[in-house]
Amino acid sequence: MLATALLAASIIARLVWDTLTVNGRNFVDLHVYRDGSAGLADGSLYLFTYSGETDFALPFTYPPFAAVVLYPLSLIPWDIVAIGWQLATFAALYACVVLALRLCGRSTDVHALAALWTAPAIWCEPVRVTLDYGQINVFLMLGTLMAISWARRADGTPSERGVLAGGALIGLMAGIKLTPAISGLWYLAVRKPWGALSAAFAFVLTVLGCLLLFPEVTRTYYGTLFGDAERIGPVQAVINQSLRGTLSRFVGFDVGTGWIWFLGVLVATVVAVFTWRAVSDALGVLLVVQFFGLLISPISWVHHWVWVVPLGVWLVHGAGARRPGARAILGVWVVVAGLGIPWILRVLIEYGPEPQAAVEAVFGAAWSIATFVTMGWLIATRAAGGAKRPDDRPQDVVAAAIVDDGRVLLAQRAHPAELAGKWELPGGRVESGETHATALTREIREELGAEIEVAARIGAEVALPNGLVLYAYRARLHSGTPAALEHLDMQWFSADELRRLDLDDVVPADRDWIPELCAVLDDARVGEAG
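Residues numbered from 1 in each chain as written. Predicted model: local features only at pLDDT ≥ 70, side-chain atom pairs only at ≥ 80, totals over all residues. Heavy atoms only, no water.

1. What about empty space enclosed by the protein?
Part 1 of the reasoning: Under the defined criterion, the tally for this structure stands at two cavities of 30 Å³ or more.
Part 2 of the reasoning: Size it by volume and the largest cavity reaches roughly 110 Å³.
Part 3 of the reasoning: Taken together, 13 residues form the lining of the largest cavity, with Leu-287, Val-288, Phe-291, Thr-374 and Leu-378 sitting closest to its centre.
Part 4 of the reasoning: Contributing to the lining of the second largest cavity are Leu-410, Trp-423, Glu-424, Leu-425, Val-506, Asp-510, Ile-514 and Leu-517.
Part 5 of the reasoning: Among the elements of the structure, strand 5 (423-424) and helix 23 (514-529) are those that each provide at least two residues to the lining of the second largest cavity. (1 Å grid on protein atoms, 1.4 Å probe; cavity = no way out; pocket = protein on both sides within 12 Å on 5 of 7 lines; lining within 4 Å. Points joined across faces, edges and corners; volume = space filled by probe spheres on them. Helix = DSSP H or I, 4+ residues; strand = E, 2+ residues; numbered from the N terminus.)

As structure tokens, then:
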């Protein structure tokens, strides 16, 4: 009840803010969506310009498929559109937090926690400006999180149909606004290429469909306007937090797509690749992809950075929370998103005292700098996690054969490179003072977000490099739904499926256990039949 009350109070306060402040309800982008899309019918879509309460004239800058989707808004009275869009944005933000929590493996108190997160998130700079302008960003973020969630069924197992459907949704959203196309990289990063192909196919369909129905505006957009960043707005404006905007403010001119921008993108790409290799859970990889996209896009207005909300959830409830320094990184983002540094600079530039160019360049790089700091932290903490620990730790490693309904759960390794993509029994290193059972319970809680009861040993121990010894134990689920929080994927295998599994797809240390796992599953099936 308290969480719901806090969320309701935050929403009411925001609606009051809309009424009492000058820019609270100008909804400039929503005007463009509604009024501009009306030009789809007569071919004037890209001749439209909104010149209301805005710093510069705003044309319709999205692909023609966006006008197809948004056209119904032009048939509805403005006041209904405005309040409906605002309320729908609140609901979409809440749904984004719910999905982020579930992707973090959270299965209890999800809705209460989501309310507690959404209440302050409404006031962070990206969401605040999204609400000011009536922007579409939160809806696109919700669609992306839905697409990623569909890659797994409710029981945590992979879903090929979900991958294809999610990819198609990403492609459709890219047809509305190009930026979601970067999410196709997520499917490649987690080795689900069919999702990326589905996204590409759906996007092409939006282009071909518009070319068939609205040939002139489609040719105008993809033949003339595509890639024209200046048409979207002033690249050097402090509210553009992309690398191109940041570098342009440092050198005093728009770097365009020249060598300065290319060098910046090259650095961002290298850092993003190393960060991706340092992160293994689905939401963590998605966040790396999204923030990489925000860096390399020619225009990343502050309201595009709504991904800071699921990042905060991941740092508190997800795999990021288990890394040293997570609270410090969260604090960095609270300051950056809470203060609204670009907004403060913009006010100073407009009303004075105008900051010096160097001050504007340094502080105006807040979002880019915070992104690189976060990626560097992820790389460093991954390296620290892989470093040698004190020698007084036990040499034992434990793995769980979690059996449920005649199937055993295997997880797909994300690291190191030579084992990435191979299946294993989940588990990890026994810490000082732990028994095998307590260590295995802890590891499964951290890796899968579920509680288990450890039973008898399975098979013989296996010698590992550096004097380590691996032990396997049978286990059963006690509570929670397993989720791949630190693996690329997870899947339940029956005995027959295990027998058909290519041993090259299994980590070497676990291969000798396959026959015994099959025997355990056969016994379990016979017991259930009896």
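2. Looking at the state of the cysteines
Part 1 of the reasoning: Inspection of every chain in the model, using the stated rule, returns zero disulfides.
Part 2 of the reasoning: For Cys-104, which is in no disulfide, the shortest distance to another cysteine sulfur is to Cys-96 and amounts to 13 Å.
Part 3 of the reasoning: On the basis of relative accessible area, Cys-104 is assigned to the buried category, the value being 6%.
Part 4 of the reasoning: We note that Cys-124 lacks a disulfide partner, and the nearest cysteine sulfur, in Cys-96, lies 12 Å from it. (Disulfide = S-S within 2.5 Å. Buried < 20%, exposed > 50% of the residue type's maximum accessible area, 1.4 Å probe, protein only.)

3. Describing the environment of Asn-137
Part 1 of the reasoning: As for its placement among the helices and strands, Asn-137 is situated in helix 7 (residues 137-149).
Part 2 of the reasoning: Along the chain, Asn-137 and Val-32 lie 105 residues apart, while their C-alpha atoms are 14 Å from each other.
Part 3 of the reasoning: Apart from the residues lying within four places of it in its own chain, the contact partners of Asn-137 are Thr-130, Lys-177, His-303, His-304 and Val-306.
Part 4 of the reasoning: Side chain to side chain, Asn-137 and Lys-177 meet in a polar contact 3.1 Å long. (Contact = heavy atoms within 4.5 Å. Polar contact = N/O pair within 3.5 Å; in protein donor to acceptor, adjacent residues only side chain to side chain.)

4. Digging into helix 16 (residues 308-317)
Part 1 of the reasoning: Of all ten residues making up helix 16, eight are buried, and the element is well covered by its neighbours.
Part 2 of the reasoning: Turning to helix 16, its buried residues are Val-308, Val-309, Pro-310, Leu-311, Gly-312, Val-313, Trp-314 and Leu-315.

5. Focus: helix 13 (residues 243-251)
Side chains that are three or four residues apart share a direction in an α-helix, a result of its 3.6 residues per turn.
Part 1 of the reasoning: The set of residues buried in helix 13 consists of Leu-243, Arg-244, Gly-245, Thr-246, Ser-248 and Arg-249.
Part 2 of the reasoning: Phi turns positive, to about 90 degrees, at Gly-252, one or two residues after helix 13.

6. Focus: the packing of helix 2 (residues 28-37) against helix 4 (residues 78-103)
Part 1 of the reasoning: With their axes 11 Å apart at the nearest point, helix 2 and helix 4 run at an angle of 130 degrees to one another. With respect to helix 4, the axis of helix 2 lies oblique. Considering the relative orientation of helix 2 and helix 4, their crossing is right-handed. Together, Leu-30, His-31, Tyr-33 and Arg-34 of helix 2 and Trp-78, Val-81, Ala-82 and Trp-85 of helix 4 make up the contact between the two elements. (Axes fitted to C-alpha atoms, helices over the stretch in contact; angles between N-to-C directions. Parallel < 35°, antiparallel > 145°, perpendicular 65-115°, else oblique. Left-handed = near helix turned anticlockwise from the far one by under 90°.)

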